Amino acid sequence: MNANFQSWLDGQIQTLKDQHLYKVPKILESPAGGRVKMNGKEVVNLSSNNYLGLANHPKVVEAAHKAIDEWGVGAGAVRWIGGTMAVHEELERRLASFKHTEAVLVFTGGFTANAGTIPAVVTDKDVIISDELNHASIIDGVRLSAAKYKKSEGYVYAHKDMEALEKILKNTQSFQKRLIITDGVFSMDGDIAPMPTIVELAEKYDAMVMIDDAHASGVLGKNGAGTTSHFGLYGRVDIQLGTLSKALGVIGGYIAGSALLKDWLINRGRPYLFSTAHPPVVAAALIAALDVMENDPEPMKRLWDNTRWWKNALNEAGFDTMGSETPITPVYVGDEGAAQEMERLLWDEGVYALSIVFPTVARGKARIRTMPSAAHSQEDLEFALQAFKRVRDKMGASGLAVSD
Ligand SMILES: *Cc1c(COP(=O)(O)O)cnc(C)c1O
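On a predicted model such as this, the values are computed, not experimentally measured, just so you know.

**Digging into the pattern of salt bridges**
Turning to step 1, where the next piece is worked out: All chains considered together, the criterion is met by 21 salt bridges.
Turning to step 2, where the next piece is worked out: With a closest N to O distance of 3.1 Å, Lys-262 and Glu-92 form a salt bridge. Highlighted residues: Lys-262 in helix H9 (residues 259–268) and Glu-92 in helix H3 (residues 86–99), separated in sequence by 170 residues. Each member of the pair Lys-262 and Glu-92 is classed as buried.
Turning to step 3, where the next piece is worked out: Here Asp-191 ties to Lys-160 by a salt bridge, and the two come within 2.9 Å at their closest N and O atoms. Residue Asp-191 is found in the loop between strand S6 (178–183) and helix H7 (195–204), and its partner Lys-160 is found in the loop between strand S5 (156–157) and helix H6 (162–171); the two are separated by 31 residues along the sequence.

So this is what it looks like as structure tokens:
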């Protein structure tokens, strides 16, 4: 091994520790759920994206068992070289109908769907216009593209600032294509992109729109069909990305759009061309998850009842939830060290709620990110609320913001 490299790694890690940015994952020792066993301890889990409790829903688990018996465990090849099984095709048909689009193409994850799609739909004659709070996987997809996209060159607008977006659209009319990209639900703040205005501006200035609905999938719109359904914008968003890893409880990402877009990505989406297809059990479990979402309103109702209760209870107790409108409920702290201290104290109280610090969010905007779900009981959330209050009392004035 190269000694210089090892010592460079050691130095980098030490710097992260000094800056309170160093992460150590905890280990889940039970299935995903509202109350879990983690690092040997029973805790209420407020950091899971398993919004609807589908990750171990009995019907989804049963479908997975059946699919393993029928199909085995691996697809054996990339999608276009014989790795596409009938069950993968069925999932895409089901998703297209769920999304009210002509076609859907599934990738192995949402991250991969961004990284594969964005570079495929633009060239060096194009520009990508981004919200400053877009998810890391959008940013990486944008960086892989040949288009102009840099903040320093004026192609990134302040978070949800529609005047700034219009100004950029006015200034970029000489490009061949213009692609506006935004999260539907912002993953660290839990607010919703102003899609009706974005779509109107795109239509006015002849630009394309791509929306990353990872945190809206299963959460917003009819049966959880996403932001386009939530705002009634069917047919007006060129590229919709959804995840199958969060509310749908399994793994995967997809692109919903026109049949032509799907055809193009089959031929030019590099992860589709060069990475192996999902195990068939993944597709079968996802079809069962869609069945639940389309036929049983109860999980989504419970998700939103819990969300409203939790936000309201935190706000009444004086915590600042940063204008969140969705289950993603940040509790503002500010200082990185204080946020990590709060995470530790919550853990001692039996609550797993992760601190989110730079570089995931801006420096000095650290927070505890909480996510109530359909998997939580009222008792779980009451328990967590009392823990938050006790921890605040313990921390006193050490940097925790209180909104009053
Ligand atoms: C989680 C997330 C992704 C990645 O999705 P995976 O399916 O987990 O790879 C992409 N975009 C956003 C906005 C996300 O929150």
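**Overview of the side chain of Ser-217**
Turning to step 1, where the next piece is worked out: Turning to its location among the elements, Ser-217 is positioned in the loop between strand S7 (208–212) and helix H8 (227–230).
Turning to step 2, where the next piece is worked out: At 2.7 Å, the side chain of Ser-217 and the backbone oxygen of Asp-213 are in polar contact.
Turning to step 3, where the next piece is worked out: Excluding its chain neighbours within four sequence positions, the residues that come into contact with Ser-217 are Gly-224, Gly-242, Thr-243, Ala-247, Leu-248 and Tyr-254.

**Some points on the sheet that holds strand S9 (residues 253–257)**
Turning to step 1, where the next piece is worked out: An order of S3-S9-S8-S7-S6-S4-S5 is seen for the seven strands of this open sheet, with the pairing classed as mixed. Each edge of the open sheet is held by one strand with a lone partner, namely strand S3 (103–107) and S5.
Turning to step 2, where the next piece is worked out: In this sheet, S9 lies alongside S3 in antiparallel orientation, the contact comprising five bridges. The residue of S9 that forms the bridge with Ala-103 is Gly-257.

**Considering the pairing of S6**
Turning to step 1, where the next piece is worked out: Most of S6 sits inside the fold, with six of its six residues counted as buried.
Turning to step 2, where the next piece is worked out: The two faces of S6 match: Arg-178, Ile-180 and Thr-182 on one face and Leu-179, Ile-181 and Asp-183 on the other face are all buried.
Turning to step 3, where the next piece is worked out: With four bridges joining them, strand S4 (residues 127–131) and S6 adopt parallel strand pairing. Directly across from Ile-128, in S6, lies its bridge partner Leu-179.
Turning to step 4, where the next piece is worked out: Regarding the hand of the β-α-β motif, the stretch spanning S6, H7 and S7 is right-handed.

Calculation notes
- Residues numbered from 1 in each chain as written.
- Predicted model: local features only at pLDDT ≥ 70, side-chain atom pairs only at ≥ 80, totals over all residues.
- Heavy atoms only, no water.
- Salt bridge = Lys/Arg side-chain N within 4 Å of Asp/Glu carboxyl O.
- Helix = DSSP H or I, 4+ residues; strand = E, 2+ residues; numbered from the N terminus.
- Buried < 20%, exposed > 50% of the residue type's maximum accessible area, 1.4 Å probe, protein only.
- Polar contact = N/O pair within 3.5 Å; in protein donor to acceptor, adjacent residues only side chain to side chain.
- Contact = heavy atoms within 4.5 Å.
- Pairing = 2+ DSSP bridges.
- Right-handed = clockwise from strand over helix to strand, strands pointing away.

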